[in-house]
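Residue-level listing of the chains:
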Amino acid sequence: MKNNYVLGLDIGITSCGYGVIDLKSRKFVDCGVRLFKEGTAAENEKRRSIRGRRRLTSRRNTRLKDMQKLLKENGIMSENYKPLNNIYEIRCKGLTQRLTNDELTAAILHITKHRGSVVETVEEDAEKSADTEGLKAILQRNEQLVRSGKYVCQIQLERLQEKNKIRDHGNNFSTKDYLDELKEILDHQILNENLKKSIVEIVLRRRKYYEGPGSEKSPTPYGRFIEVDGHIEKIDLIEKMRGKCSVYPEELRAPKMAVSADLFNFLNDLNNLTVAGYKLSTDEKESILTIISEKGNITLRQLAKQLEVSEDDIVGYRIDKNNKAIFTEFKGYKKIKSILEKEGKSVSLKDYKMLDKIIEILTNKKGIEDRKDDLVSANIGLNDSQIEVLSNTTGIVGYHSLSFKAIRLLNKELFETEMNQMQLLHELKLFDQNRKSTKGKKNIEADDEAILSPVVRRAQNETFKVINALRKKYGEFDSIVVEMTRDKNSDEKKKRINQFQKNNENNSKEMDKFLKEAGFDPEKINGKTRMKIRLYLQQDSKSAYTFQPIDLARLIKDPNYTEIDHIIPISISLDDSQNNKVLALHSENQQKKNLTPFMAYHKGQFNGMGCTYSEFKTNVFAKFN
């Protein structure tokens, strides 16, 4: 049963503040804060890196043990075998001569342990070493040496003799180059073909990045084999991390850069516009999409020209930090369109299904060979050259919150109606229909399937601990009010504070300049008066509630002439922020009392002060439009 308590929460990056208020007495019953460590992505990355190295070491040791077992079973490796020192000379010798069993064992085990690198994903292709050139560049340079007629061991022996060392970042060779050397060595030995094949298989054995840890015999919640109700199931880890649609929970999310997803966002931009007092028609939208199909984006100037209106006639668009109009850019479309047109294939927005399929494959598959296989099997009319270039494309990342099923349904409505996304979701009764209810549960539990950043996930989990503990202590609350942090992480918070301080410094300098030009000495004006002057400038030299002109000289010299007032009384809002403050004449503030402006006008508190409620409302709207 609900009580008369309200729970207020202030959720931050490293804290969750809470306050419990009794609605009847309007007094605090309880308050406090729970502190916790920030759930940074860097911590997860560090753990993953250490865990990854541990697994690589374990797999290498397993590979070596399996190779030793194979060589012993076939009478090549003896029980009293000891490693040999001149390993590079032995490998070079094996290219043209038969080796002794100990020499052959040494050569095979050395290649098994150091079997080179594979550029498996486009991310690996693009990554750079911390202090030198990228992996792919090194592999390509070393591959040129191999193609000149040398084997890996010969190149390495030359470097050893020249520099007296081999093991550095530049000694990275491709696995296929090591394989060529191994096959050449094996061909000069007296071994049966099945044994040669088994040796090669162990050397090439490599777990793909998307398979994760564990196996069918050793399932783990973090790998592709998991245990469900006593049975082992195989899952796709990438699909698991992809997440489900917020409208149709049985559907997977669509790629963020898919053409349909960008079209969804762009049509919402268009439906939020008002052009010369009217909403865009279907024909106008179609003409605008013609420009998008050709260029992949549109500017406010181009939009105004297409609609034959002035830029001032268009309102409702989003703006950036420089107050410039921004519209959704079709980044995925432009990238794929550019690639295909260079390869001789013309595309437009009408080919959205084919382009969506390409972008879905590039988003979902990071392995270059996996991409090639999927693009071939998709059967969407791509030739080998186009598939090769697309498979190596970088920068196609991220997922939308909706599935293709939801997006394409809504796109049709967005195109044919004037409603925006939220209006459509409510109109079609799709909004929040899949939200899980916690009604009747003892504890509020976090959604483990929600795709959240480490910072948000930890803040969410710690907040639920606070809520559950307070519910246990006080019962069900009448309501819970939440204030969220403005920052994604501590770095963003520092950046915001620094920017805030910088803005304050700039504002202070501008105010000093203004005061000097007005004939006043800034050094003789206290902090409270400076706050009044700042509000005076923001309000165009007029009072907040009746818009009477304010005399600057009197404002500075007479402390009782004006007052800083809370728009919504602080006793009601508990909001002492700058956003809730205005500059009012002393007489206005006395009349307003402990009321909101709306309440004061409707009670006639400002009668005879030169402004009606209708005029007040018009002036306020004009200020914010």
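This text gives an overview of the structure that appears in the document. (Residues numbered from 1 in each chain as written. Predicted model: local features only at pLDDT ≥ 70, side-chain atom pairs only at ≥ 80, totals over all residues. Heavy atoms only, no water.)

A word on the overall build of the protein
The helix and strand inventory of the protein stands at 26 helices and twelve strands. Computed over C-alpha atoms, the radius of gyration of the protein comes to 34 Å, more than 25% over the 25 Å expected from 2.2 N^0.38 for 625 residues, which places it beyond the range of a compact globule. Counting over 625 residues, the protein shows a buried share of 38%. Restricting the contact set of the protein to residue pairs at least 6 apart, pairs at least 24 apart contribute 60%. For the protein, the exposed surface amounts to about 37600 Å²; the carbon and sulfur share of it is 49%. Across the protein, the centroid of the 110 positively charged side chains sits 4 Å from that of the 93 negatively charged ones. (Helix = DSSP H or I, 4+ residues; strand = E, 2+ residues; numbered from the N terminus. Rg over C-alpha atoms; globule rule 2.2 N^0.38 Å. Buried < 20%, exposed > 50% of the residue type's maximum accessible area, 1.4 Å probe, protein only. Contact = heavy atoms within 4.5 Å. Areas by Shrake-Rupley, 256 points an atom, 1.4 Å probe, with all protein chains shown as cover. Lys, Arg positive; Asp, Glu negative; His and termini not counted. Charge placed at Lys NZ, Arg CZ, Asp CG, Glu CD.)

Notes on the environment of isoleucine 368
Within the secondary structure, isoleucine 368 sits in helix α15 (residues 368–377). Here isoleucine 368 falls in the buried class, since its relative accessible area comes to 9%. Between the alpha carbons of isoleucine 368 and alanine 261 there is a distance of 24 Å; along the sequence they are 107 residues apart.

Observations regarding a nonpolar patch on the surface
A cluster of nonpolar side chains, contributed by Ile480, Val482 and Met484, occupies part of the molecular surface with about 280 Å² of accessible area. Within the element layout of this structure, isoleucine 480 appears in strand β10 (residues 479–484). What makes isoleucine 480 partly exposed here is its relative accessible area of 40%. (Patch = residues over 30% accessible without salt bridge, like charges linked within 9 Å, V, L, I, M, F, W, Y side chains within 5 Å. Salt bridge = Lys/Arg side-chain N within 4 Å of Asp/Glu carboxyl O.)

Notes on the packing of helix α2 (residues 87–94) against helix α6 (residues 152–163)
At a minimum axis distance of 9 Å, the contact between α2 and α6 shows a crossing angle of 145°. You can see that α2 and α6 cross each other, and the crossing is left-handed. Contact with α2, carried on its side by Tyr88, Glu89, Arg91 and Cys92, involves Val152, Cys153, Gln154, Gln156, Leu157 and Leu160 of α6 and no other residues of that element. Grouping the amino acids of the contact of α2 with α6 by side-chain chemistry returns six nonpolar, two polar and two charged. (Axes fitted to C-alpha atoms, helices over the stretch in contact; angles between N-to-C directions. Left-handed = near helix turned anticlockwise from the far one by under 90°. Nonpolar A, V, L, I, M, F, W, Y, C, P; charged D, E, K, R; others polar.)

Re the side chain of histidine 400
Here histidine 400 lies in the loop between α16 (384–391) and α17 (404–416). The class for histidine 400 is buried, based on a relative accessible area of 11%. Only 3.1 Å separates the side chain of histidine 400 from the backbone nitrogen of leucine 402, close enough to count as a polar contact. Once you skip the residues sitting within four places of it in the chain, histidine 400 turns out to touch Arg253, Ala254, Pro255, Lys256, Ala261, Phe264, Asn265 and Ile407. (Polar contact = N/O pair within 3.5 Å; in protein donor to acceptor, adjacent residues only side chain to side chain.)

Looking at the pattern of salt bridges
Once the charged atoms of two side chains with opposite charge are near each other, the side chains can pair. A full pass over the atoms with the stated rule returns 29 salt bridges. Between lysine 176 and aspartate 177 there is a salt bridge, with the nearest N and O atoms lying 3.7 Å from each other. Here the salt bridges share partners, and the residues they tie into one network are Glu143, Arg147, Lys176 and Asp177.

Re the packing of aromatic side chains
The tally for this structure, following the rule as stated, stands at 13 aromatic pairs. On the basis of an interplanar angle of 20° and a centroid distance of 5.9 Å, the ring pair of tyrosine 545 and phenylalanine 606 is categorised as stacked. On the criterion of sequence distance, the pair formed by tyrosine 545 in the loop between α21 (527–538) and α22 (552–557) and phenylalanine 606 in the loop between α25 (597–602) and α26 (613–624) is long-range, its members being 61 residues apart. Of the two residues examined, tyrosine 545 and phenylalanine 606, each falls in the buried class. Connected via pairs of aromatic rings, a cluster forms that spans Tyr545, Phe547, Phe598, Tyr601, Phe606, Tyr613 and Phe616. Looking at lysine 405, its charged tip hangs above the ring of tyrosine 248, at a distance of 4.4 Å from the centre. (Phe/Tyr/Trp six-rings, centres within 6.5 Å; stacked < 30°, edge-to-face > 60°. Lys NZ or Arg CZ within 6 Å of the ring centre and 35° of its normal.)

What to know about the nonpolar core
Buried together is how nonpolar side chains tend to be arranged in soluble globular proteins. Core analysis: the largest hydrophobic core is formed by 54 residues, its most contacted members being Phe266, Ile336, Leu340 and Ile358. Among the secondary structure elements, those contributing two or more residues to this core are α10 (259–271), α11 (282–295), α12 (300–307), α13 (331–342), α14 (352–364), α16, α17 and α18 (421–427). If you look at the next biggest cluster of nonpolar residues, it comprises 37 residues, including Leu64, Cys92, Cys153 and Ile166. (Core = buried A, V, L, I, M, F, W, Y, C linked by side-chain atoms within 4.5 Å.)

What about unusual backbone geometry?
Positive phi values are uncommon outside glycine, yet aspartate 229 reaches one of about 50°. Relative to the elements of secondary structure, aspartate 229 occurs in the loop between β4 (225–228) and β5 (231–234). When its relative accessible area of 74% is taken as the criterion, aspartate 229 is described as exposed. You will see that alanine 276, though not glycine, has its phi angle at about 55°, which is positive. With respect to the helices, strands and loops of the structure, alanine 276 is situated in the loop between β6 (274–275) and α11. In this structure alanine 276 comes out as partly exposed when scored by relative accessible area, which is 42%.

Here we look at the sheet that holds β10
The mixed open sheet is built from four strands, whose spatial order is β3-β2-β1-β10. Looking at which strands have only one partner, the edges of the open sheet turn out to be β3 (27–35) and β10. When the angles between neighbouring strand axes are averaged without regard to direction, this sheet yields 15°. In this sheet, β10 lies alongside strand β1 (residues 5–11) in parallel orientation, the contact comprising six bridges. Looking at the pairing, leucine 7 lines up with isoleucine 480 of β10. Packed onto the sheet, helix α19 (residues 454–474) meets β1, β2 (15–22), β3 and β10 and runs at close to 160° relative to β1. (Pairing = 2+ DSSP bridges.)

Observations regarding α12
Listing the buried residues of α12 in full gives Leu300, Leu303, Ala304 and Leu307. For α12, the buried positions fall inside an angular range of 95° around the axis, keeping them on one side. Facing away from the buried side of α12 by more than 90 degrees, the exposed set consists of Arg301 and Lys305. Of the surrounding secondary structure, the elements contacted by the buried residues of α12 are β6, α11, β7 (314–315) and β9 (325–326). One or two positions beyond α12, positive phi appears at glutamate 308, with a value near 60°. (Arc of directions from axis to C-beta.)

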